[in-house]
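# Working through the structure, step by step
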Amino acid sequence: MMIDEKKRNEYAAARRRTNVSNFILDFIIYIVLAFVVIATVYPFWNTIAISFNDGLDSLKGGIKLIPRKWTFQNYSNLFVTDRIPKALIISVSRTVLQTVLSVFCTSMLAYALSRKEFVIRKPLTTILVISMYVNAGLIPGYMLIKNLHLLGKYSVYIIPCLVDVFNFILVRTYINGLPDSFVESARIDGANEFKIFMQIIMPLIIPSIAMICLFTAVNAWNSWFDTYLYCSNKPKLHSLQYVLMSFLQQSQNQSASAADANSMAVAASAGSTASKSTPISIRSSITVVATLPILVVYPFVQKYFVVGMTIGGVKE
C-alpha cells in the first residue's frame, strides 16, 4: 500500500509540473501571437486613421489609432471626378473576366498535361516551367503585344493572362493526386474529354480552383503597370490602380512645387481650418480604397490557402 501511495504522489507531482510547464509554454505562445497580430494589424489601422484625418494636421504626425481631426475630404478628393467610377468599372470587369477565363484555361491545360496517354505532355510541361523562370524581358513583351495589335485595347488585360504557369503547376499536381479510376469509369460510360473535365475533374479540384481564383483576382486587381505600358494614352481604359497611382504622383508633385511641408504644418497649427489633402493623406486613402475589396473577398477563400500551398510544394 505504501508503494502504491508513493507512486500516486509521484504521478501527481509530475502531472502538476507538466501542467505548469504547459501553462508557461502556452502563455509564451499567446504573447508571441499577440505581438504578431499587433504588428500585422497596426500599420493598416494607422493608415485608415490617417486617411480620415485632416491632411494638414497629418503632417504634424502623432496619429496612432484614432484620427485627430476627422474629415472625409481625402476620399472626396479621390472621387471628385468621374475618373474613379470609370476606372472602377474597368478594374472590376477585368478582374472578373481575367479570373474566370484564366482559371478555366489554366485548369483545362493542367488536365490535358496530366493525362499519361498524352505523349508530349512532359516536353510541353518543361517548356511551360522554363517560361516561368526565364522571362524574355520588357521590350520583347511589348513588341509581342504590339504585333498582336493589342495596344490600346481592352483585350490586352485578358489575352496575355489566359494561362498562368504557377497556377498550372498547382492544379496539375492536384489532378495527379486523383485516382485514375474516375476518368476511366467516365470513359467507359462514353463521356468525352471535355465532359470528363467539366463534370468529373472540376468538382474534385474545387480547393485548388478557389486558391488560384484568389491569386488571379488579387494580381488583376492590383495591376497597374500593364495599363501604364499599353493603355496610358486611352483614358477610358485606365484601371483603378493606375488612376490612384497618378493621383498620388500629382499630389507629390504639387507638394514639391508648393511651400515647404513644415510651413504647411505651422499654418495648420496656427489655426488654419481649411481641410487640404497632402501626399501622406492621399497615399493613405488610396491604400484603403485599393485594399478594401480584397479584404472583403479574402475571408471566404482563406481556408484554401493551406491546401493550395501544400499541393504546390510537390512537383513531378
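Our subject is the structure listed above.
Below: a short report on this structure. (Residues numbered from 1 in each chain as written. Predicted model: local features only at pLDDT ≥ 70, side-chain atom pairs only at ≥ 80, totals over all residues. Heavy atoms only, no water.)

## Here we look at the packing of aromatic side chains
As enumerated under the stated definition, the model contains 11 aromatic pairs in all. Look at Tyr-142 and Tyr-230: their rings are 6.1 Å apart centre to centre, the planes differ by 20 degrees, and that puts the pair in the stacked class. One end of the pair, Tyr-142, is in helix α6 (residues 138-147); the other, Tyr-230, is in helix α11 (residues 225-230), and 88 residues separate them in sequence. Ring geometry for Phe-225 versus Tyr-228: centroids 5.9 Å apart, planes at 25 degrees, classification stacked. Taken together, the residues span about one helical turn, with Phe-225 and Tyr-228 both in helix α11 at a distance of 3 residues. Taking relative accessible area as the criterion, Phe-225 reaches 38% and is therefore assigned partly exposed. The structure contains a cluster of three or more aromatic residues connected by ring pairs, namely Phe-52, Trp-70, Phe-72 and Tyr-75. (Phe/Tyr/Trp six-rings, centres within 6.5 Å; stacked < 30°, edge-to-face > 60°. Helix = DSSP H or I, 4+ residues; strand = E, 2+ residues; numbered from the N terminus. Buried < 20%, exposed > 50% of the residue type's maximum accessible area, 1.4 Å probe, protein only.)

## Regarding unusual backbone geometry
Not every positive phi belongs to a glycine, and His-149 is a case in point at roughly 60 degrees. Secondary-structure assignment places His-149 in the loop between α6 and α7 (165-176). Taking the relative accessible area as the measure of exposure, His-149 reaches 57% and is therefore exposed.

## Description of the packing of helix α4 (residues 83-112) against α7
For the pair α4 and α7, interaxial distance at closest approach is 8 Å and the crossing angle is 50 degrees. If you check the angle between α4 and α7, you find them oblique. In terms of crossing hand, the pair formed by α4 and α7 is right-handed. Where α4 approaches α7, its residues Thr-106, Ser-107, Leu-109, Ala-110 and Tyr-111 are matched on the opposing element by Asn-167, Phe-168, Val-171, Arg-172 and Ile-175. Of the residues assigned to the contact of α4 with α7, the class counts are 6 nonpolar, 3 polar and 1 charged. (Axes fitted to C-alpha atoms, helices over the stretch in contact; angles between N-to-C directions. Parallel < 35°, antiparallel > 145°, perpendicular 65-115°, else oblique. Left-handed = near helix turned anticlockwise from the far one by under 90°. Contact = heavy atoms within 4.5 Å. Nonpolar A, V, L, I, M, F, W, Y, C, P; charged D, E, K, R; others polar.)

## Re the nonpolar core
Counting residues in hydrophobic clusters, the biggest one holds 25 residues, and the most contacted among them are Tyr-111, Ile-175, Ile-196, Ile-201, Ile-205 and Ile-212. Residue assignment for this core shows that the elements contributing at least two residues are α4, α7, α8 (181-188), α9 (193-204) and α10 (206-222). Of all the elements, α7 adds the most residues to this core, at 7 residues. Once residues lying within four places of it in the same chain are set aside, the contact partners of Ile-175 are Ser-107, Ala-110, Tyr-111, Ser-114, Arg-115, Ile-201 and Ile-205. If you look at the next biggest cluster of nonpolar residues, it comprises 16 residues, including Ala-87, Leu-244, Val-289 and Ala-290. (Core = buried A, V, L, I, M, F, W, Y, C linked by side-chain atoms within 4.5 Å.)

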